[in-house]
Amino acid sequence: MRSGNQGNPVLDIRSLSAAYGEVTALDRVSISVNRGEILGLIGPNGAGKSTLIRVVSGILKAKAGEVLLNKQNITSYTPSQRARVLAVVPQARQLGGAFSVEQAVLLGRTAYLGFLGKPSKLDLEKTYWAMEQTEVTHLSERKLAEISGGEQQRVLLARALAQDTPVLLLDEPTNHLDLKYQVNLLTLLKSLVNKQNLTVLMAMHDLNQVSGTADRVALLVDGCLHSIGKPEEVLTPENINETYQTKVESFNHPRTGKHYIFPMM
Amino acid sequence: MLVLAFVLSIALGAVTIPPGNALRILLGKLPWFEISGNWPEYFETILWEMRLPHTILVALTGAALAGSGAAFQGLFRNPLADPYLIGVASGAGLGAIAIMSFSQAGKYLVPIGAFIGALGTIYAVYALAKVGRIVPLTTLILAGVAVGSFASALTSFLMLVSDQMILQAMSFLLGGSTVAGWEPLKIAFPYLIAGMTMLVISGHSLNVLQFGEEQAQQLGLPVEKVKILIIVAASLTTAAAVSFSGVIGFVGLVVPHVIRMVWGGDYKKLIPLSILGGGFTLLISDLAARIVMAPRSLPVGIVTALVGAPFFLWILRRAKREVFW
């Protein structure tokens, strides 16, 4: 359905390598993400998912290869230009605890705010809209340090939505959420992608959530791209067994036809 | 409150001028007031030539130290950063003394020397304290103490070598603000105002930085530029204060902390409020320093350390379970 517009990637990662000092974290990874597509990034711990997000968002320099965002090298953007095209939802940890939820979400507008940080009417509208979307409006006056990990995660998503960008990167966004909010977040993400033609690159742990949400899946192992394609092509028992060293079985949901896998215990 | 402290500071001291008279003398200096009264003429001299410039300098110094303390705390995301504790004040002191002892050009160059000393120190402390991508509380304070002690030792050495100025320098290091008259104020004023203005407009950037440098950059803040701006502003402000008032500790730590507890952690409010609160606090401390042992006056640095050091320990103890930070 949406994977038809090949050859016009919004995000084009070309033979990308990255390292922390001497330790290689990514080794010649090529992935492209098309407009209106959700690409799920999976792989065992330490496979390089977070590193890929850090390079693509321009905070870690590539050792080799390049990242093109709308056909332009990511390093040629200023921080403010980039933040108007691409927003990141980091993992919830180490949040500036003294801010209220509303202040935190408003800072998603940093790229649009002047040096003094005075919000315009549009900035406030986007902030309130984003808080509605992620159901944190009732928390707006609470301090970040006082709310739960799951609530912080939703605040971070709201902050990224307030940024109002065509491209979203998410680093394990369902990590601290309970089942209800996991489902809400993924449903919200899908509906935003449909409505606004967003482009999403999302690192995930839960393979079945990836399968249920992503249009395509990229499997990273030890910094290398193992396989990429439709969920049912990548999430095969053979691939999972090989890369996660875990025996699994796969089946298709009788009603939706979605591809699911089950660990053998 | 600030105004009250200001009037008291002008009025009280070794010679007490009734506050009412003090106010009237001041207003009389303004061109559109015709005020006369029967007070001894030396009241006017003391007030105009000594108390008023001294009071303004003290207020500005306190404002500068508290403002830059708040900025350093935000920049390092560390509740214990203070121009004194992280060694910047000592570095500025070294720069100031070095200029005093080597250069005949004298006092106009002192703030420049102090500024260079402050920047050098902040660079060294930051490089030493950094562990990976963060600056932990412990290493920041340790590096600050080490570099600060080194700078103080060099300062002492310089003082011994050029012995004729040792007394002046000694009281300088204790935060003596022995200088009087309008001259030092005229030199310090532009630096202090420029530095504090830069600090106030950095409030928004400091807010974004509270999410960490990576997230700040992802949110669109030009992190490296902003960091340099804030370091320059805070160092400039500290250096100008140290150049004319000496090394005064703990104002930059205590004041922003109290402000944060009462008004919260929004740096757009925190910086200006710290500046006001710092001016007030140092005026009161200076007043105490002048009154307690009158007619002798203590260096104000002794007063701030006596009150500030226990406060510092108290913060240190609760830093582990800090919620409002």
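An account of the accompanying structure is given in this report. Model, not experiment: these values are computed from the prediction. (Residues numbered from 1 in each chain as written. Chains lettered and ligands numbered in written order. Predicted model: local features only at pLDDT ≥ 70, side-chain atom pairs only at ≥ 80, totals over all residues. Heavy atoms only, no water.)

1. Points about the sheet that holds strand β2 (residues 23–34) of chain A
One key point about sheets: their strands pair by backbone hydrogen bonds, in either a parallel or an antiparallel sense.
Residue and element names in this part refer to chain A.
Then, in step 1: The strand order β2-β1-β4-β5 describes an open sheet built from four strands, whose pairing is antiparallel. Every other strand in the sheet has two partners, leaving β2 and β5 (72–73) as the edge strands with one partner each.
Then, in step 2: Pairing of strand β1 (residues 9–20) with strand β4 (residues 64–69) involves five bridges; the strand directions are antiparallel. Bridge assignment links Ile13 to a residue of β4, and that residue is Val67.
Then, in step 3: In the packing of helix α1 (residues 49–56) onto the sheet, contacts are made with β1, β2 and β4, and the angle to β1 comes to roughly 115°. (Pairing = 2+ DSSP bridges. Helix = DSSP H or I, 4+ residues; strand = E, 2+ residues; numbered from the N terminus. Contact = heavy atoms within 4.5 Å. Axes fitted to C-alpha atoms, helices over the stretch in contact; angles between N-to-C directions.)

2. Remarks on the interface of chain B and chain A
Then, in step 1: Contacts between the two partners involve 25 residues from chain B, matched on the other side by 33 residues from chain A.
Then, in step 2: Together, the buried faces of chain B and chain A total about 2400 Å²; carbon and sulfur atoms form 59% of this surface.
Then, in step 3: Counting across the interface, chain B meets chain A through one salt bridge.
Then, in step 4: Taken together, chain B and chain A are joined by seven residue pairs in polar contact (both at pLDDT 80 or more).
Then, in step 5: Secondary structure elements with two or more residues in the side of chain B that touches chain A: α9 (203–209) and α10 (213–218) of chain B.
Then, in step 6: Among the residues making up the side of chain B that touches chain A, the classes are represented as eleven nonpolar, nine polar and five charged. (Buried area = accessible area lost by both parts, 1.4 Å probe. Salt bridge = Lys/Arg side-chain N within 4 Å of Asp/Glu carboxyl O. Polar contact = N/O pair within 3.5 Å; in protein donor to acceptor, adjacent residues only side chain to side chain. Nonpolar A, V, L, I, M, F, W, Y, C, P; charged D, E, K, R; others polar.)

3. Quick notes on the side chain of Ser205(B)
Then, in step 1: Following the sequence through the fold, Ser205(B) ends up in helix α9.
Then, in step 2: Setting aside residues no more than four positions away along its own chain, Ser205(B) makes contact with Phe115(A), Leu221(B) and Val226(B).

4. What to know about a nonpolar patch on the surface
All names here are of chain B.
Then, in step 1: Judged by side-chain polarity, Val258, Met261, Val262, Trp263 and Trp314 come together as a nonpolar surface patch covering roughly 490 Å² of accessible area.
Then, in step 2: Looking at the nonpolar patch, the element that brings in the most residues is helix α12 (residues 251–263), giving four residues.
Then, in step 3: Mapped onto the elements of the fold, Val262 is located in helix α12. (Patch = residues over 30% accessible without salt bridge, like charges linked within 9 Å, V, L, I, M, F, W, Y side chains within 5 Å. Areas by Shrake-Rupley, 256 points an atom, 1.4 Å probe, with all protein chains shown as cover.)

No statement about biological role is implied by the geometric values presented.
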